[in-house]
Structure formats: C-alpha cells, structure tokens
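# Report on the structure
Here is what each chain is made of, one letter per residue.
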Amino acid sequence: MPFRGDDAQLFLSNDSEDVEISIPAHLVKNRVAVEAEFDPDARPVIEWYLKEIRPRLINDHPYGCKLVDSDFLFPSMREDRPMEETTFAGHYAVGAEAVGLDMTLHQARQVTGYFILSVDPSALGLVAAVLCNSIEVAEAHYAWMDGVKANREARKLLRKARMDARKTREGAYAEAA
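Notes on the structure in this doc start here. (Residues numbered from 1 in each chain as written. Predicted model: local features only at pLDDT ≥ 70, side-chain atom pairs only at ≥ 80, totals over all residues. Heavy atoms only, no water.)

### Quick notes on the overall build of the protein
As a reminder, the rule being used: Numbering of helices and strands runs from the N terminus, with a helix taken as a DSSP run of H or I at least four residues long and a strand as a DSSP run of E at least two residues long. When a residue's accessible area, from a 1.4 Å probe over protein chains only, is under 20% of the maximum for its type it is buried; when over 50% it is exposed; and in between it is partly exposed. Two residues qualify as a contact provided that any one of their heavy atoms is within 4.5 Å of a heavy atom in the partner residue. Residue exposure ignores everything except the shown protein chains as possible cover, and the areas themselves are Shrake-Rupley values with a 1.4 Å probe.
On a plain count of helices and strands, the protein comes out with five helices and three strands. The linear arrangement of helices and strands in the protein, starting from the amino end, is β-β-β-α-α-α-α-α. Buried residues in the protein amount to 23% of all 177 residues. Within the protein, contacts between residues at least 6 apart in sequence are counted, and of these 31% link residues at least 24 apart. Accessible surface for the protein amounts to roughly 12,900 Å². Of this, 57% is attributable to carbon and sulfur atoms.

See below:
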C-alpha cells in the first residue's frame with residue numbers, strides 16, 4: 001500500500017487525527033474498491049511504525065536485506081514493488097505470535113466478522129461492508145454464526161419456559177392457599 005506519492009492509498013491528515021485508505025477495485029482480490037476510515041486509536045500505531053519500525057527495516061534490517069525506501073508502507077528490495085505477499089504474511093504471523101496469537105491474516109478477517117455478529121447476529125450487511133464483500137459472500141461465510149447465537153438464545157427461552165411451567169404444577173403452591 002503506497003502511503004506517499006501520486007498512487008498513495010493510505011492518507012494521514014495533516015490537520016486532524018484522521019487516517020483513511022482508498023484502494024482501487026482493480027488492486028483488490030475481490031475487485032471491490034476499499035474506502036475506509038480508521039478508528040482514532042490507529043493513528044499513533046501507524047505513526048510509530050513510520051517513525052521507528054519502517055526506517056529500521058530499511059537501514060538496519062534484522063536479516064541483512066537491502067530494502068529500498070520507496071512509497072510503499074511495507075518496503076521491499078525494489079522501489080517499484082511492495083513487500084511480497086508471502087513475506088508480509090510471514091511477518092504478520094511472527095508479530096501475531098509475539099503478542100500471543102496464532103492467527104493468519106485471513107483468520108483476522110474471520111474474527112472481525114465474528115465480533116460484529118456476536119453483538120448483532122442480523123448485521124450481515126455490516127460485516128459485508130467492513131470486509132468489503134457482498135452480503136451474499138458474508139452470508140455464505142458468516143450466517144452460521146447467527147444460527148449459533150440463535151440456538152443459544154432459544155435454549156435460554158426453553159429453560160425459562162420449563163421453569164415457569166414447573167411453578168404452575170398442581171399442588172405446587174398448596175401451602176400458599
């Protein structure tokens with residue numbers, strides 16, 4: 001993702017804390033453009049990466065690679081290319097493990113959908129919007145979560161109904177009369 005230059009896709013506002021991304025559809029796997037604003041707590045993390053980590057990757061790489069200071073957020077050994085996907089995924093896995101997670105990039109998307117639906121099982125449209133998918137794709141991959149929560153809620157209602165039914169059995173309140 002370029003963060004500077006004519007083809008920039010990551011935008012850090014100079015006059016506010018806003019962070020936005022804009023990725024054209026032809027560069028996205030599912031051919032759906034990505035237009036999104038980051039949450040405010042992302043700004044300090046991105047600025048830390050740009051100030052502390054990215055320069056180290058270029059000037060003092062832990063494996064001795066010769067990375068180039070290009071317009072790409074995640075630099076590679078060539079100015080005209082971002083970091084290779086497999087290298088990026090490997091770095092992500094190492095970072096996730098360092099904080100105690102065993103999670104791939106794809107699983108991070110799954111978790112995002114799960115968290116949204118755990119709050120509102122009918123929010124498939126929101127999951128689709130956040131993950132830049134169609135509602136049909138979100139439904140195909142996440143609708144089962146709605147069923148899990150609905151099953152849990154239905155069992156609670158059944159337990160309550162059983163308890164209420166026990167309260168009205170003949171003779172249950174004989175002492176009260």
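### A short note on helix H4 (residues 124–131)
Cut-off, in case you're wondering: Directions from the helix axis toward the C-beta atoms define the arc.
When H4 is considered as a whole, its buried residues turn out to be Leu 124, Val 127, Ala 128 and Leu 131. All buried residues of H4 lie within an arc of 100° about the axis, which places them on one face of the element. Among the exposed residues of H4, those pointing more than 90 degrees away from its buried face are Leu 126 and Ala 129. In the stretch just after H4, Cys 132 is the one whose phi turns positive, near 55°.

### Remarks on the side chain of Ser 70
The topology assignment puts Ser 70 in the loop between helix H1 (42–59) and helix H2 (85–98). Assessed through its relative accessible area of 2%, Ser 70 is described here as buried. The residues touching Ser 70, leaving out its near neighbours within four places in the chain, are Phe 3, Arg 4, Arg 54, Pro 75 and Glu 79.

### Quick look at the environment of Val 94
Residue placement: Val 94 occurs in helix H2. Once the C-alpha coordinates of Val 94 and Thr 104 are considered, the two residues, ten residues apart in sequence, prove to be 10.0 Å apart.

### With respect to the nonpolar core
For the record, the criterion: Each nonpolar core is a collection of buried residues, namely Ala, Val, Leu, Ile, Met, Phe, Trp, Tyr and Cys, held together in the definition by side-chain atoms within 4.5 Å.
By size, the foremost hydrophobic cluster in this structure holds 15 residues, and its most contacted members are Leu 10, Val 34, Ile 46 and Leu 73. Residue assignment for this core shows that the elements contributing at least two residues are strand E2 (19–23) and H1. Examining the composition of this core, we find that five residues originate from one element, H1, more than from any other. The residues contacting Leu 10, other than those within four sequence positions of it, are Met 1, Pro 2, Phe 3, Val 19, Glu 20, Ile 21, Phe 38, Ile 46 and Leu 73. Counting residues in each nonpolar core, the second largest holds eight residues, with Leu 117, Ala 123, Ala 128 and Tyr 142 among its members.

### Some thoughts on the packing of aromatic side chains
Condition: Only centres within 6.5 Å qualify two rings of Phe, Tyr or Trp (six-membered ring in Trp) as a pair; their planes then separate them into stacked at under 30 degrees, edge-to-face at over 60, and tilted for everything else.
What the rule picks out here adds up to three aromatic pairs. Seen from their ring centres, Tyr 49 and Phe 74 are 5.3 Å apart, and the 50° between their planes marks the pair as tilted. Of this pair, Tyr 49 sits in helix H1 while Phe 74 sits in the loop between H1 and H2, placing them 25 residues apart in sequence. Residue Tyr 49 is classed as buried on the basis of its relative accessible area of 13%. Owing to a relative accessible area of 27%, Phe 74 belongs among the partly exposed residues under this scheme. Clustering of aromatic rings is evident, with ring pairs tying together Tyr 49, Phe 74 and Phe 88.

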